[in-house]
Amino acid sequence: MAKTHSQYVCQQCGYSQVGWAGKCPNCSSWGSLVETLMATGEGKKGKAKSQKKVEPISLISVSSKKTSRLSTKISELDRVLGGGLVPGQVVLIAGEPGIGKSTMLLQLADKLRNALYVSGEESAAQVKVRADRLGIKNKTLKFLEETDVDTIVDSFDGPSLVVIDSIQTMTTDDLSGLAGSVGQVRECAFRLLKRAKEGDVPLFMVGHVTKEGTVAGPAVLAHIVDTILWFEGDKSLTLRLLRAVKNRFGPTDEVGIFEMEDKGLLPLTNAEKIFLTKARAEVPGSVVSSILQGTRPLLVEIQSLIVPTKMAFPKRVAQGVDARRLEMLLAVLIRRCGLPLYEYDVFVNVAGGIKVVEPAADLAIILSIASSFFDKPVAKSVMALGEVGLLGEVREVVAEEKRVKEAKRLGFSRPVTQKEIKYVNEVVKKLLR
Ligand code: TYD
Ligand code: MG
């Protein structure tokens, strides 16, 4: 291996120097100097050009390899990964502190034979407390309390899975920067990834998130890993969503749903109705719709409350729906259905604390506001589905049939979609007057 030394390289202009300074002396940009390993002397640049000629090959002639997937034995995790782990797959799992990343990975390591769990955040005693809580009895599960990435890479012999908790605590002696610095995170992630690929070992790395809600550390981290899983949920509630935001070996936007219990995370396989109140009564302002989470339709309840305003500018409060979208839908209701909502405060909420981002819930929002306005409940069996345009027209949504079918299966026998209703004023007349 060529000898290396570390230098600070500016990410803006490429200028390099030995010591660190806040500002790049060349292009004057702040904070752009990142510690980087450089080859000394006979480096890459100094090498004589290789005489080897490379020939492109016909893609058709490459024999297709069927990748065998290793099941994680956690149904919802398998779903998010696209059917299990691929040998050498590198997964970055990110989320707020306390959301359950360590819990999930310890449960995963317990499910497999010969997994290695490396923690740079917690001591063996601390992890043992969690393991006891989770009821872990697996004798083949190995634990390592270590932050030196080179030591970890050397102990990679034979595990079926390696967990690094977290990449921000790892360091290499070849760089002088602190753990968590851009240079350290980049170099450590790269070394671990290289070892995982060589040994065909699946690797999970925990990543911290920044205040802005992105993975902390260098942008390249997101590019070099195969899969990025995002762990989210309201920490005050027990529900947790695991989302694939990048996946080289499967679909993205697939979502795993878990519940955080006192014995760890439990996959929720019958999640279709999780966001609905158990005993739903016919109350004005409540309408059920169906949203897609990955490929799975979930039923959600939209609730609205309309009260006469005492202000010059009436209040519009949106929980779980986009505030701008709500403004637009209110404009449609005022203009196309003639409801004088400019004299009312409007509160809209999605029950269960889930966010609705697709326009498929438009019709349900409109219907729920109108239902509250007329103080008339919508029948319990109704499931409203449709995007609403500025002309008041109801449009078809993706996977409409699938959602309707699923809703029918769960007892919502009266779907209201663009099939029956072309304009929003019809829906208000038909269901509420
Ligand atoms: P943890 O996995 O430590 O979160 P992260 O690694 O993402 O920071 O989870 C911490 C929270 O989960 C903590 O508030 C306690 C809770 N918890 C449970 O509710 N049940 C359990 O069985 C475990 C292990 C943790
Ligand atoms: Mg943790």
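Data block above holds the structure.
As the structure is a prediction and not an experimental result, all values here were calculated from the model.

Engineer: Just give me the short version of the site of ligand 1, but keep the residues and values in it.
Structural biologist: Of all residues adjacent to ligand 1, which total 16 residues, the nearest are Gly-98, Ser-102, Thr-103, Glu-261 and Gly-264. Gly-98 places a polar main-chain atom, nitrogen or oxygen, 2.7 Å from an oxygen atom of ligand 1. Note that an oxygen atom of ligand 1 is positioned 3.4 Å from one of the backbone N or O atoms of Ile-99. At the level of elements, α2 (101-111), α3 (124-133) and β11 (255-261) are the ones that each hand at least two residues to the shell around ligand 1. Examining the composition of the shell around ligand 1, we find that 3 residues originate from one element, α2, more than from any other. Here the shell around ligand 1 is built from residues that sort into 4 nonpolar, 5 polar and 7 charged.

Engineer: Report on the nonpolar core, specifying residues and quantitative values.
Structural biologist: Leu-367 and Ile-369 are the most contacted members of the largest nonpolar core, which has 47 residues in total. Element by element, the count of residues in this core is highest for helix α8 (residues 362-374), at 7 residues. Lining this core are residues from two domains, each supplying at least three of them: domain 2 (70-269) and domain 3 (273-432). In contact with Leu-367, other than residues within four places in its own chain, are Val-287, Val-378, Val-382, Ala-384, Val-427, Leu-431 and Leu-432. Judged by nonpolar contacts, the second largest core, of 31 residues, contains Leu-81, Leu-108, Phe-231 and Leu-242.

Engineer: Provide a residue-level description of the side chain of Glu-400, including the pertinent values.
Structural biologist: Position of Glu-400 among the secondary structure elements: in helix α9 (residues 400-409). We note that Glu-400 is buried and unpaired, the nearest opposite charge coming from Lys-419 at a distance of 4.9 Å.

Engineer: Please give an account of a nonpolar patch on the surface that cites residues and values.
Structural biologist: Nonpolar side chains collect at one region of the surface, where Ile-57, Leu-59 and Val-62 lie side by side and expose about 350 Å² of accessible area between them. Its location among the elements puts Ile-57 in the loop between β3 (33-39) and α1 (75-81).

Engineer: Could you give an account of the packing of aromatic side chains, naming the residues involved and the relevant values?
Structural biologist: Any aromatic ring pair is given by two values, namely how distant the centres are and how the planes are angled relative to each other. Within the structure shown, the criterion is met by 4 aromatic pairs. Seen in terms of ring centroids, Tyr-117 and Phe-143 are 6.2 Å apart; in terms of plane orientation they differ by 20 degrees. Their pairing is stacked. With Tyr-117 in strand β5 (residues 115-119) and Phe-143 in strand β6 (residues 142-145), the pair connects residues that are 26 residues apart, well separated along the chain. Here Phe-143 falls in the partly exposed class, since its relative accessible area comes to 30%. An aromatic cluster is defined as three or more aromatic residues linked by ring pairs; in this entry it consists of Tyr-344, Phe-373 and Phe-374.

Engineer: Before we move on, can you summarise the sheet that holds β6 with the specific residues and values?
Structural biologist: Ordered in space as β6-β5-β7-β8-β4-β9-β10-β11-β12, the 9 strands form an open sheet in which the pairing is mixed. In the strand order of this sheet, the two ends are held by β6 and β12 (264-267), each with one partner. Sheet twist, expressed as the mean angle between neighbouring strand axes with direction ignored, is 25 degrees. For β11 and β12, the ladder comprises 4 bridges, and the chain directions are antiparallel.

Cut-offs applied
- Residues numbered from 1 in each chain as written.
- Chains lettered and ligands numbered in written order.
- Predicted model: local features only at pLDDT ≥ 70, side-chain atom pairs only at ≥ 80, totals over all residues.
- Heavy atoms only, no water.
- Near = heavy atom within 4 Å.
- Polar contact = N/O pair within 3.5 Å; in protein donor to acceptor, adjacent residues only side chain to side chain.
- Helix = DSSP H or I, 4+ residues; strand = E, 2+ residues; numbered from the N terminus.
- Nonpolar A, V, L, I, M, F, W, Y, C, P; charged D, E, K, R; others polar.
- Core = buried A, V, L, I, M, F, W, Y, C linked by side-chain atoms within 4.5 Å.
- Buried < 20%, exposed > 50% of the residue type's maximum accessible area, 1.4 Å probe, protein only.
- Domains from an automatic or database assignment.
- Contact = heavy atoms within 4.5 Å.
- Lys, Arg positive; Asp, Glu negative; His and termini not counted.
- Salt bridge = Lys/Arg side-chain N within 4 Å of Asp/Glu carboxyl O.
- Patch = residues over 30% accessible without salt bridge, like charges linked within 9 Å, V, L, I, M, F, W, Y side chains within 5 Å.
- Areas by Shrake-Rupley, 256 points an atom, 1.4 Å probe, with all protein chains shown as cover.
- Phe/Tyr/Trp six-rings, centres within 6.5 Å; stacked < 30°, edge-to-face > 60°.
- Pairing = 2+ DSSP bridges.
- Axes fitted to C-alpha atoms, helices over the stretch in contact; angles between N-to-C directions.

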